[in-house]
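Geometric and topological summary
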Amino acid sequence: MKPFLLLASRAEDAAAEDEYEAYLRYGGLDESQLRRIRMEQAPLPDLALEDYSGIIVGGSPFTSSDPPEKKSEAQHRVERELSALLDRIVAADYPFLGACYGVGTLGRHQGAIIDRTYGEQLGGVTISLSPEGLQDPLLAGMPAEFTAFTGHKEACTVPPPHAVLLASSAACPVHMFRIKQNLYATQFHPELDAEGLVTRIDIYRHAGYFPPESAEELMAAARTFTATEPMKILRNFIKIYGR
């Protein structure tokens, strides 16, 4: 099988390693089957899409809807590089799964309105599949409702006009969509379990997602949820597109 490629952009080593390990574990992959590029560290090298089975974009501290003057040079570079890569990915209908930051990147690239209207605090939420979601192969074997972990400052207020809505929550109307047949974006994290969320709460307690003094309370609340269904998305992605 050709490897999959994880495009990551978490500057904190602990968060980056925890994310990579989660994708390996829940994707049923080893390091030779999931290569990783940390985009925040250096410019993206030239990529030959035919060398990979598919591309995964992990979560990110970058907020795509922030005004340009508030973005770092690294964020501007990452956004330019992802946009250019998405030009090729969308044209080829190439297997793509963007988790959380995937909504901001694929969504904006395809004409969505991304802003802070529907941000959600770090924690467990109930995700509901749309009728189209219940029929989508990437969501095969999943119930109509399930618990997933999320935490995002921005979200998709208006989806791309040609997107297929696959999932929502009570507080966020666009939690997952598909472009063409093989391009997916989720707002929730399909790789994240309770302990992974606790790790991120600790790391990002001063990143503006929540008041720093509420970190311990959020960690305790995270441990009251169990998220097992979202990981099926990763396994389905590997099963469908591994070649």
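Residues numbered from 1 in each chain as written. Predicted model: local features only at pLDDT ≥ 70, side-chain atom pairs only at ≥ 80, totals over all residues. Heavy atoms only, no water.

**Details of the overall build of the protein**
Scanning the protein for helices and strands turns up seven helices and 11 strands. A compact globule built from 243 residues would reach a C-alpha radius of gyration of about 18 Å, and the protein, at 16 Å, matches this within 12%. Burial statistics for the protein: of 243 residues in total, 57% are counted as buried. Pairs at least 24 residues apart make up 75% of the contacts formed inside the protein by residues separated by at least 6 positions. Carbon and sulfur atoms make up 52% of the accessible area of the protein, which totals about 10100 Å². Mean positive and mean negative side-chain charge positions of the protein (23 and 33 charges, respectively) differ by 3 Å. (Helix = DSSP H or I, 4+ residues; strand = E, 2+ residues; numbered from the N terminus. Rg over C-alpha atoms; globule rule 2.2 N^0.38 Å. Buried < 20%, exposed > 50% of the residue type's maximum accessible area, 1.4 Å probe, protein only. Contact = heavy atoms within 4.5 Å. Areas by Shrake-Rupley, 256 points an atom, 1.4 Å probe, with all protein chains shown as cover. Lys, Arg positive; Asp, Glu negative; His and termini not counted. Charge placed at Lys NZ, Arg CZ, Asp CG, Glu CD.)

**A few points about the packing of helix α1 (residues 13-27) against helix α5 (residues 194-203)**
Packing of α1 against α5 leaves a shortest axis separation of 10 Å and a crossing angle of 165 degrees. In this view, α1 runs roughly antiparallel relative to α5, as classed from their interaxial angle. α1 and α5 meet at a crossing whose hand is left-handed. Of the residues in α5, those touching α1 at Ala14, Ala15, Asp18 and Glu19 are Gly196, Thr199, Arg200 and Ile203. Looking at side-chain class alone, the contact of α1 with α5 contains three nonpolar, two polar and three charged residues. (Axes fitted to C-alpha atoms, helices over the stretch in contact; angles between N-to-C directions. Parallel < 35°, antiparallel > 145°, perpendicular 65-115°, else oblique. Left-handed = near helix turned anticlockwise from the far one by under 90°. Nonpolar A, V, L, I, M, F, W, Y, C, P; charged D, E, K, R; others polar.)

**Some details on unusual backbone geometry**
Notably, Cys100 is not glycine yet its phi reads approximately 65 degrees, a positive angle. Looking at the secondary structure, you find Cys100 in the loop between β4 (96-99) and α3 (101-109). On the basis of relative accessible area, Cys100 is assigned to the buried category, the value being 11%. Although it is not a glycine, Lys180 sits at a positive phi angle of roughly 55 degrees. For Lys180, a relative accessible area of 40% gives the class partly exposed.

**Overview of the packing of helix α2 (residues 73-92) against α3**
At a minimum axis separation of 10 Å, α2 and α3 run at an interaxial angle of 65 degrees. Note that α2 runs across α3; the crossing there is right-handed. Contacts from Val78, Glu79, Leu82, Ser83, Leu86, Asp87 and Val90 of α2 reach α3 at Tyr101, Thr105, Leu106, Arg108 and His109. A class-by-class count of the residues in the contact of α2 with α3 yields six nonpolar, three polar and three charged.

Any functional reading would require information beyond the geometric quantities listed.
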